[in-house]
Structures are given as structure tokens and as C-alpha cells.
Amino acid sequence: NADDNRIEMRLVAQRAVRVAVPDAGLTVSLAAGEELLTELSCKYSRALLESRLAVAGLRLDSWLTDAADLFALTVIRRRG
């Protein structure tokens, strides 16, 4: 999902199914072709991360990247 800067993982029912999760007291019914969103992997540029952290009262302390600048490891701290 490029608009939201994230990768979305989904399961798609190949046929109508009903799944029970007893420990959660939950039963889910899916029609054939229906999707279930199972994972979000959010991707942030440094600028976007810093702006979101500021709203939460946090700050970026360290930003370490790979040689191609595709991945980052961060240290985040509370402001003040």
C-alpha cells in the first residue's frame, strides 16, 4: 500500500470457511474470495518518523542504515 507507506499481508479464503478460536471466544466466517488482513509492516522515511515521534513526545536519538539506505535501526527516547 504505497499511499500509506506499508506492506499489507492478507489471507484470501479459497472457499467459504468458518474458523473457531476457542481461547478468544471467537468464530469467524469468511466467504469465498473474502480477505483477512493479517499483518501491517509500516515503512517510514527519517523525516516521517521524526514527525510522528514528536507528536508522541519522543525523539530520534540514533539512525543507523545499511549501505543502500534501505533499512534503518533506530534508538528512540522520550523528549526532555
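Here the structure is a predicted model, which means the values were calculated and not measured.

A.B. asks: Describe in detail the overall build of the protein chain, supporting the description with residues and values.
C.D. replies: Across its full length, the protein chain holds 1 helix and 6 strands. For the protein chain, the sequential pattern of α-helices and β-strands runs β-β-β-β-α-β-β. Considered along the principal axes of its C-alpha atoms, the protein chain spans approximately 50 × 30 × 20 Å. The proportion of buried residues among the 80 residues of the protein chain is 6%. A fraction of 29% describes how many contacts in the protein chain between residues 6 or more apart in sequence connect residues 24 or more apart. Across the protein chain, the mean location of the 11 positive side-chain charges is 7 Å away from that of the 11 negative side-chain charges.

A.B. asks: Pulling in residues and values, what's your account of a nonpolar patch on the surface?
C.D. replies: On the surface, a nonpolar cluster with roughly 230 Å² of combined accessible area is contributed by Val19, Val21 and Leu26. On the accessibility criterion, Val21 (37% relative accessible area) is partly exposed.

A.B. asks: Before we move on, can you summarise the environment of Leu53 with the specific residues and values?
C.D. replies: Position of Leu53 relative to the elements: it lies in helix 1 (residues 46-55). Taking the C-alpha atoms as reference, Leu53 lies 28 Å from Arg10; in sequence the two are 43 residues apart. Non-local contacts of Leu53, meaning those with residues more than four positions away in its chain, are made with Leu58, Arg59, Leu60 and Ile76.

Definitions and cut-offs
Residues numbered from 1 in each chain as written. Predicted model: local features only at pLDDT ≥ 70, side-chain atom pairs only at ≥ 80, totals over all residues. Heavy atoms only, no water. Helix = DSSP H or I, 4+ residues; strand = E, 2+ residues; numbered from the N terminus. Buried < 20%, exposed > 50% of the residue type's maximum accessible area, 1.4 Å probe, protein only. Contact = heavy atoms within 4.5 Å. Lys, Arg positive; Asp, Glu negative; His and termini not counted. Charge placed at Lys NZ, Arg CZ, Asp CG, Glu CD. Patch = residues over 30% accessible without salt bridge, like charges linked within 9 Å, V, L, I, M, F, W, Y side chains within 5 Å. Areas by Shrake-Rupley, 256 points an atom, 1.4 Å probe, with all protein chains shown as cover. Salt bridge = Lys/Arg side-chain N within 4 Å of Asp/Glu carboxyl O.

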